[in-house]
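This is what each chain is made of:
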Amino acid sequence: MKLVTRAQLGWPASAAPTQTSTKGVKVHYEGAPVSVELLDDHDRCLAKWKKIRVDHLANKKENYSDIAYNYGACPHGFLLEGRGLGRRTGANGNQNLNRGHYAIMGLVGSEGLTKPTDAMLGAIRDGIELLRRHGAGDEIKGHRDGLATLCPGEHLYAWVKKGAPRPGGAPPEPGPRPVIDVSKVVAAALHDPAQAGTPVSYPGVRTVEKALVAQGLLAANLADGHFGTATVVAYAAWQRRCGFTGDDANGIPGFTSLQKLGHEHGFDVTP
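Counting restarts for each chain: residues are numbered from 1 in the order of the written sequence. A pLDDT threshold of at least 70 governs which residues receive local features in this predicted model, and a stricter bar of 80 or more applies before side-chain atom pairs are shown or counted, although totals over entire chains, interfaces and linings include all residues. Derived side-chain values reflect all non-hydrogen atoms in the structure, with water molecules and hydrogen atoms excluded from consideration.

**Observations regarding the nonpolar core**
Residues enter a nonpolar core if they are buried and are Ala, Val, Leu, Ile, Met, Phe, Trp, Tyr or Cys, with the set joined through side-chain atoms within 4.5 Å. Type-normalised accessible area, obtained with a 1.4 Å probe on protein chains alone, sets the label of each residue: buried when under 20%, exposed when over 50%, and partly exposed for intermediate values. Ranked by size, the top nonpolar core spans 42 residues in total, and within it W49, Y69, L107, I124 and L156 carry the most contacts. Strands here are runs of E lasting at least two residues and helices are runs of H or I lasting at least four, both read from the DSSP assignment and numbered beginning at the N terminus. Per element, the largest residue contribution to this core is seven residues, and it comes from helix α4 (residues 118-132). If near-sequence neighbours (up to four positions away) are discounted, W49 is found in contact with L9, W11, I67, Y69, Y71, G72, L80, E81, G82, M105 and L107. Judged by nonpolar contacts, the second largest core, of 22 residues, contains I180, Y202, V232 and A234. Two residues qualify as a contact provided that any one of their heavy atoms is within 4.5 Å of a heavy atom in the partner residue.

**What about the sheet that holds strand β1 (residues 2-4)?**
Should DSSP find at least two bridges between two strands, the strands are taken to pair. If you trace the six strands from one edge of the open sheet to the other, you get β1-β4-β3-β5-β2-β6, paired in mixed fashion. At either end of the open sheet lies a strand with only one pairing partner, and these are β1 and β6 (136-142). Sheet twist, expressed as the mean angle between neighbouring strand axes with direction ignored, is 25 degrees. Strand direction decides the pairing type here: strand β3 (residues 71-73) and strand β4 (residues 78-81), joined by three bridges, are antiparallel. Considered in β4, the bridge of G72 is made with L80. Helix axes are fitted only over the stretch in contact, all axes being lines through C-alpha atoms; the angle between N-to-C directions runs from 0 to 180 degrees.

**Describing the pattern of salt bridges**
The term salt bridge refers to a pairing of a side-chain nitrogen on Lys or Arg with a carboxyl oxygen on Asp or Glu at a separation within 4 Å. Tallying each qualifying case throughout the model produces 10 salt bridges. Note that R6 and D66 form a salt bridge whose closest N and O atoms lie 2.7 Å from each other. Of this pair, R6 sits in helix α1 (residues 6-9) while D66 sits in the loop between α2 (42-57) and β3; the two residues are 60 residues apart in sequence, bridging distant segments of the chain. Among the salt bridges present, the one from D126 reaches R166, with a minimum N-O distance of 2.8 Å. Taken together, the residues D126 in helix α4 and R166 in the loop between α5 (153-161) and β7 (179-181) connect sequence positions 40 residues apart.

**Some thoughts on the side chain of Q239**
Inspection of the secondary structure assignment puts Q239 in helix α8 (residues 229-241). Polar contacts here mean pairs of N or O atoms no more than 3.5 Å apart (in protein, one a potential hydrogen donor and the other a potential acceptor; neighbouring residues in sequence count only if both atoms are side-chain atoms). A polar side-chain atom of Q239 sits 2.8 Å from the main-chain amide nitrogen of G251. Apart from the residues lying within four places of it in its own chain, the contact partners of Q239 are F244, D248, A249, N250, G251, I252, P253, G254 and S257.

Spatial relationships are all this shows, so hold off on functional conclusions.
Listed below in structure tokens is the structure:
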């Protein structure tokens with residue numbers, strides 16, 4: 001995966017509302033002419049992506065908090081960060097639709113550059129898989145699914161209707177592994193969300209809970225993003241499975257047991 005981050009684009013952290021799960025991802029196009037010159041110059045792709053953000057922030061009618069899309073994909077196969085992970089999109093048409101799906105835009109339009117390259121399709125697929133690793137469901141739809149629009153255009157929509165296959169049948173790109181701060185997971189585990197006040201929440205908790213669900217130690221409906229009693233009990237069972245006993249199997253994560261869980265379920269741990 002070739003990811004261009006917000007930091008590389010010179011953008012601050014997104015001000016968009018947080019949202020950690022959806023039913024899936026909707027695919028978009030620009031809905032306006034896009035120059036074929038993008039095909040020969042990746043710098044033009046970056047300039048186009050930045051211009052879209054400028055236009056969205058200037059749109060007083062829609063009152064966007066940021067560029068509307070979670071990610072974009074360019075003809076050269078780069079995945080361009082927009083709102084990014086854990087942020088609600090502003091692109092799907094209304095708040096109910098925005099809550100339902102994240103959004104990825106292919107840098108093609110209604111005229112000029114209208115047909116996505118294989119590299120662009122691969123980058124969109126990279127984005128879908130990245131979002132799935134961070135809370136997106138399995139649905140892949142076009143913008144027009146649920147709203148009266150031509151978006152994402154003839155060619156992208158035909159690809160979506162086929163299930164958005166990776167070009168050439170290539171296997172999924174592994175992409176960057178999530179990194180979990182063990183100290184933040186411990187802070188969440190030491191806080192009882194049933195007590196009064198705002199629960200301690202950290203996105204890594206949901207990743208840990210998904211791994212515990214996969215291990216058969218936690219019921220899926222109890223994986224709520226907070227390290228409550230059920231998650232503590234499940235994690236204690238994981239610690240015992242790792243060979244820990246006594247106070248070392250108290251349900252509060254330690255670096256060694258969390259690192260082992262991450263090794264088996266695709267995330268890394270930092271002290």
